[in-house]
Amino acid sequence: MYGSGSTPAPRPRSAADIRAQKGGSPIVSLTAYTTPMARLLDPVCDFVLVGDSVGMVLHGLPSTLGVTMEMMILHGQAVARGLTSALMVVDMPFASYEESPEQAYRNAARLMAETGAGAVKLEGGRHMAATIQFLTTRGIPVMAHVGLTPQGVNGFGGYKVQGRGAQAGVIMADAQAVAEAGAFAVVLEKVPAGLADDITAALDIPTIGIGASVGCDGQVLVVDDMLGLFTEFQPKFVRRFGNLGEEAAQAVAAYAEAVRSRAFPGPEHVFADTVPGASA
Ligand code: KIV
């Protein structure tokens, strides 16, 4: 029962908690797509993003456009099993929300109900403001995403920096529109650092940078990028904090060598015909 008992149960962070971190200690976030990775990130992240980058990182798709609701639900459920304290945010996949606020509501509600996510993220600025307002006024916390929005890669003609020169005002207007519409935070992807700082100063919700500025209220990266596990693209904004891809390649090569030379399995890895000491 709510409010009873002397020891409060551990409570996962909410969108409101993340919103309250505006201007405070930097918000830490990474993506996760599986239970073991979620377990690893839970103690250090304020929120964990089940990003639609899963399509490229785990499924080998050429872009995020082929990611489906079913994929997001499956990976959201896996991540939820590994989280106890971080907020889980699930990305709305391409074509699941752009058509109308009603379509967005149906799919966002399904994502939250079937995964247990505390919030959804969707891409787009001024043109998504009405949808963000529709969702947030109906109990669905929304993280917005402006600047380079990867689902729009075909319109941008590549994964290019957004908001240089005269375009800066457009990205600023996008960020202001999503904040006014009720988003609890906004991801700024691949925008010039000065513009990211101006947006961070102008908004009363946290900005989460990815290829933006150290002055943002928080940072997010694709976990496989920063661990050196996904190396097909090397965006300038990724810092490699590990080289797990190289370590994995060495480990599988050592395994293959051990199998071919019959050094594996060793006596300690196999089972005796009888259990020592057991009567026959
Ligand atoms: O899909 C994703 O991983 C994202 C990024 C912001 C990390 O949207």
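Everything quoted here is computed from the prediction, not taken from an experiment.

1. A closer look at the nonpolar core
The nonpolar side chains of a soluble globular protein tend to be buried with one another.
Here is step 1 of the chain: Counting residues in hydrophobic clusters, the biggest one holds 79 residues, and the most contacted among them are Phe47, Ile132 and Leu188.
Here is step 2 of the chain: Among the elements that line this core, the one with the most residues is helix H8 (residues 168–180), at six residues.

2. Thoughts on unusual backbone geometry
Here is step 1 of the chain: Phenylalanine 264 connects to proline 265 through a cis peptide bond whose omega is 0°.
Here is step 2 of the chain: Looking at the secondary structure, you find proline 265 in the segment after helix H11 (244–260).
Here is step 3 of the chain: Not every positive phi belongs to a glycine, and arginine 262 is a case in point at roughly 60°.
Here is step 4 of the chain: Its place among the elements puts arginine 262 in the segment after H11.
Here is step 5 of the chain: A relative accessible area of 75% means that arginine 262 is categorised as exposed.

3. Here we look at the sheet that holds strand E8 (residues 218–221)
Here is step 1 of the chain: Around the barrel, eight strands lie side by side as E1-E2-E3-E4-E5-E6-E7-E8; this closed barrel has parallel pairing. Taken over all neighbouring pairs, the strand axes of this sheet differ in orientation by 25° on average, direction set aside.
Here is step 2 of the chain: The sheet contact formed by strand E3 (residues 87–91) and strand E4 (residues 119–123) spans three bridges and is parallel. In the strand pairing of E4, valine 90 is matched with valine 120.
Here is step 3 of the chain: The strands that H8 touches are strand E5 (142–147) and strand E6 (185–189); relative to E5, the one it contacts most, it runs at about 175°.

4. Concerning helix H4 (residues 69–80)
Here is step 1 of the chain: For H4, spanning twelve residues, the distance from its first C-alpha to its last is 16 Å, which sits close to the expected 16 Å at 1.5 Å a residue.
Here is step 2 of the chain: Within H4, burial applies to Met69, Met71, Met72, Ile73, His75, Gly76, Ala78 and Val79.
Here is step 3 of the chain: Packed against the buried residues of H4 are helix H2 (35–41), strand E2 (47–50), helix H3 (54–57), E3 and helix H5 (101–115).

5. Concerning the packing of aromatic side chains
Here is step 1 of the chain: In total, this model carries three aromatic pairs according to the counting rule given.
Here is step 2 of the chain: Ring geometry for phenylalanine 230 versus phenylalanine 233: centroids 6.1 Å apart, planes at 50°, classification tilted.
Here is step 3 of the chain: When its relative accessible area of 10% is taken as the criterion, phenylalanine 230 is described as buried.
Here is step 4 of the chain: Using a relative accessible area of 41% as the deciding quantity, one classes phenylalanine 233 as partly exposed.
Here is step 5 of the chain: Its end group placed over the ring of phenylalanine 134, arginine 138 keeps NZ or CZ at 3.6 Å from the ring centre.

The rules behind each value
Residues numbered from 1 in each chain as written. Predicted model: local features only at pLDDT ≥ 70, side-chain atom pairs only at ≥ 80, totals over all residues. Heavy atoms only, no water. Core = buried A, V, L, I, M, F, W, Y, C linked by side-chain atoms within 4.5 Å. Buried < 20%, exposed > 50% of the residue type's maximum accessible area, 1.4 Å probe, protein only. Helix = DSSP H or I, 4+ residues; strand = E, 2+ residues; numbered from the N terminus. Pairing = 2+ DSSP bridges. Axes fitted to C-alpha atoms, helices over the stretch in contact; angles between N-to-C directions. Contact = heavy atoms within 4.5 Å. Expected span 1.5 Å × (residues − 1). Phe/Tyr/Trp six-rings, centres within 6.5 Å; stacked < 30°, edge-to-face > 60°. Lys NZ or Arg CZ within 6 Å of the ring centre and 35° of its normal.

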